[in-house]
Amino acid sequence: MSEFEDLSFDEEEVVVDQIKTKTPAKSKTPAGKKVSVYFQSTIGPNQKQEKLVVAADAPIRDIKYTVGQIFGIPPDEFHVSHAGRTCDPDDSLSNYGVEDGDSLLLIPVSTAGA
Amino acid sequence: MKKSNFFSNRLTPDEIYRLDRQLRLPGWNQEALKNSSVLIAGIGGLGTEIAKNLAMAGVGRLYLVDMDTIEYTNLNRQLLFSDGNTGEPKAVVAARTLFRINPHSQYVPLFSRLEDVDPAIYETADIYISGLDSVSARRELARRAVHNQKPLVDGGTTTYYGHVYSYIPNQNACLECDPLKERERETLAACTLVGVPRKRIHCLLKGQLFFEANHGRPPNIHELSEMEIVLDYANNLIQEHFPTDEPFGLDEAVSIIDHHEPSIITINAVIASLQSQEALKILHHLHGTKLGEPNAEYTIYNGLIGKFFYFERPPNKNCLLCGEFAPPVERLVVPSSTVCGTLLPLLKQKGYFYSPDDEVMFYRIDKTEMELVDLESTLSELNIRHGETLYCPGLTKSGRDVDIYVKILYPEVTQ
Ligand SMILES: [Zn+2]
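Residues numbered from 1 in each chain as written. Chains lettered and ligands numbered in written order. Predicted model: local features only at pLDDT ≥ 70, side-chain atom pairs only at ≥ 80, totals over all residues. Heavy atoms only, no water.

1. What about the overall build of chain B?
Consideration 1: The helix and strand tally for chain B stands at 13 helices and 13 strands.
Consideration 2: Each of the three principal axes of chain B carries a C-alpha extent, and together these read 70 × 65 × 40 Å.
Consideration 3: Residue burial in chain B is summarised as follows: out of 415 residues, 52% are buried.
Consideration 4: Looking at chain B alone, contacts between residues at least 24 apart form 60% of all its contacts between residues at least 6 apart.
Consideration 5: For chain B, the computed accessible surface area is about 19,900 Å², with 52% contributed by carbon and sulfur atoms. (Helix = DSSP H or I, 4+ residues; strand = E, 2+ residues; numbered from the N terminus. Buried < 20%, exposed > 50% of the residue type's maximum accessible area, 1.4 Å probe, protein only. Contact = heavy atoms within 4.5 Å. Areas by Shrake-Rupley, 256 points an atom, 1.4 Å probe, with all protein chains shown as cover.)

2. Looking at the pattern of salt bridges
Residue and element names in this part refer to chain B.
Consideration 1: For the structure shown, the criterion picks out 25 salt bridges over all chains.
Consideration 2: The salt bridge involving Arg-364 is made with Glu-388; its shortest N-O contact spans 2.6 Å. Taken together, the residues Arg-364 in strand β10 (residues 363-364) and Glu-388 in the loop between β11 (371-372) and β12 (389-397) connect sequence positions 24 residues apart.
Consideration 3: The exposure class of Glu-388 is buried, given its relative accessible area of 0%.
Consideration 4: One continuous salt-bridge network, built from bridges that share partners, spans Arg-364, Lys-367, Glu-371, Arg-385 and Glu-388. (Salt bridge = Lys/Arg side-chain N within 4 Å of Asp/Glu carboxyl O.)

3. Quick look at unusual backbone geometry
Residue and element names in this part refer to chain B.
Consideration 1: Unlike most non-glycine residues, Gln-149 shows phi in positive territory, near 55°.
Consideration 2: Tracing the chain through its elements places Gln-149 in the loop between α7 (135-148) and β5 (152-158).
Consideration 3: Within the chain, Asn-170 stands out as a residue other than glycine whose phi angle is a positive 60°.
Consideration 4: With respect to the helices and strands, the residue Asn-170 is situated in the loop between β6 (161-167) and α8 (200-215).
Consideration 5: Residue classification places Asn-170 among the exposed positions, given a relative accessible area of 71%.

4. With respect to the domain arrangement of chain B
Consideration 1: Looking at the assigned domains, one finds that chain B contains domain 1 (13-159 + 262-295), domain 2 (182-257) and domain 3 (329-414).
Consideration 2: Look at where the C-alpha atoms of domain 1 of chain B and domain 2 of chain B centre, and you get two points 40 Å apart. (Domains from an automatic or database assignment.)

5. Quick look at the interface of chain A and chain B
Consideration 1: Tallying the contact residues gives 35 residues for chain A and 48 residues for chain B.
Consideration 2: Roughly 3,300 Å² is buried in total at the junction of chain A and chain B, and carbon and sulfur atoms are behind 57% of that figure.
Consideration 3: The partner of Arg-85 of chain A in a salt bridge is Asp-178 of chain B, with the nearest N and O atoms 2.7 Å apart.
Consideration 4: Where the side of chain A that touches chain B is concerned, the elements lending two or more residues are α1 (2-6), α2 (11-22), β4 (85-86) and β5 (103-108) of chain A.
Consideration 5: Of the residues belonging to the side of chain A that touches chain B, the class tally is 13 nonpolar, 13 polar and nine charged. (Buried area = accessible area lost by both parts, 1.4 Å probe. Nonpolar A, V, L, I, M, F, W, Y, C, P; charged D, E, K, R; others polar.)

6. Concerning α7 of chain B
Residues and elements named next belong to chain B.
Consideration 1: If you check α7, its first and last C-alpha atoms are 20 Å apart, about what 14 residues at 1.5 Å a residue would give, namely 20 Å.
Consideration 2: Across the 14 residues that make up α7, a large majority, twelve, are buried.
Consideration 3: Residues of α7 that are buried include every one of Val-135, Ala-137, Arg-138, Glu-140, Leu-141, Ala-142, Arg-143, Arg-144, Ala-145, Val-146, His-147 and Asn-148, and no others.
Consideration 4: Following α7 by one or two positions, Gln-149 has its phi on the positive side, about 55°. (Expected span 1.5 Å × (residues − 1).)

Written out as structure tokens, the structure reads:
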């Protein structure tokens, strides 16, 4: 058991790290641009569409986190695709020129094949 | 006279008899397929199905590239392999089985990494088909497709879903237009595990560590009592830190601790069949027969609801591989006895300049380990192969800085 307990020695550092990652600097910017878009699933056990308002400058990673919960699909199991471009989670929707009324597809991360 | 399938000189009487039913297809050109060669990258769940389809359809030559050996767990979906084959190279066994399926075609097994396949084969093959399971291998194949201007029929699966996408040079997006990233996976790396579990999955990984700390070895996933120890520990943590989340079940725990991509023959077969059908059409088109229209859209299959989804993928003009500012490929036809330094005046002739103070360097990139080219040696002394690509950064053309790729072609092979 001892070895295992040793692993928990620097708990404090982790907490700091946690706060850092959970409070991105961008979230402090007031009244950024919002877009109202349609999210459509291609995966999952039913076809679903949700109209949602999202921050155009938010990291797509954050949007996936929330949308994943709404659709019941873990965020690492789908990509967001807009107008044929697969969105990098580190970018924001504004990088892809997303506008009100656009559709965003939730597509599978199908990189297996063996 | 119009081409005939039934009276083709390219096909033996045996072959004509065997292929009889497909020779009756409207618009079909068997000779075109017989004269075709296809490189299949990855001979796994998708690759075995694709190879089977193309062999039975009478495609003249298949290059089968795979660096892996057969495992017992492949046998639920890879029909070219059977019980006695475990441990043998996939490419070799596949070639053997395919020859039994249709002895009229050629099967070239390449038990090798994609990087180390002879560049001449990438030059020769009409199209590439990917049945790969990693992002890095896909990127390697994508670069070859763009540099050699070859169509690449990509496919992939995950659980009950899959996709098919044919890259068609100068028409739609290449695979680097939106760079793929390797999927991030939670592992036992201690950094994610110290302190309070931040995610549900950390609870299971902590359960695994707990077992290891007590037994001095990882849990045996086939031993129920050991898995129960892990689960107990994990689910206690779940109750404490994620009370609204589901506890871990045995099957979930096994799939996470002993991680492998889930895979089922039906989804593989659907995706592989679509890839094969696209490939057959593209081969017809490349040989001058307009059979149907290749699907240039990204196609998704959702096997849980039995539906398909499609969307266009326009090229990204800023793509580092196929975009406006991507390094261009210059094809140089030179005898193999040429001293490498001579490539510089040849490039100058094509409008590329370099500052005399700078040392221009060429790197060999068509191999696993990148290598610097010794400019005083000849191409043949360095064993630089026909069709090999060299990367040459830091030139200027029309006043702009450019990096370029140089493709070496030998006239003795080209003619
Ligand atoms: Zn591209």
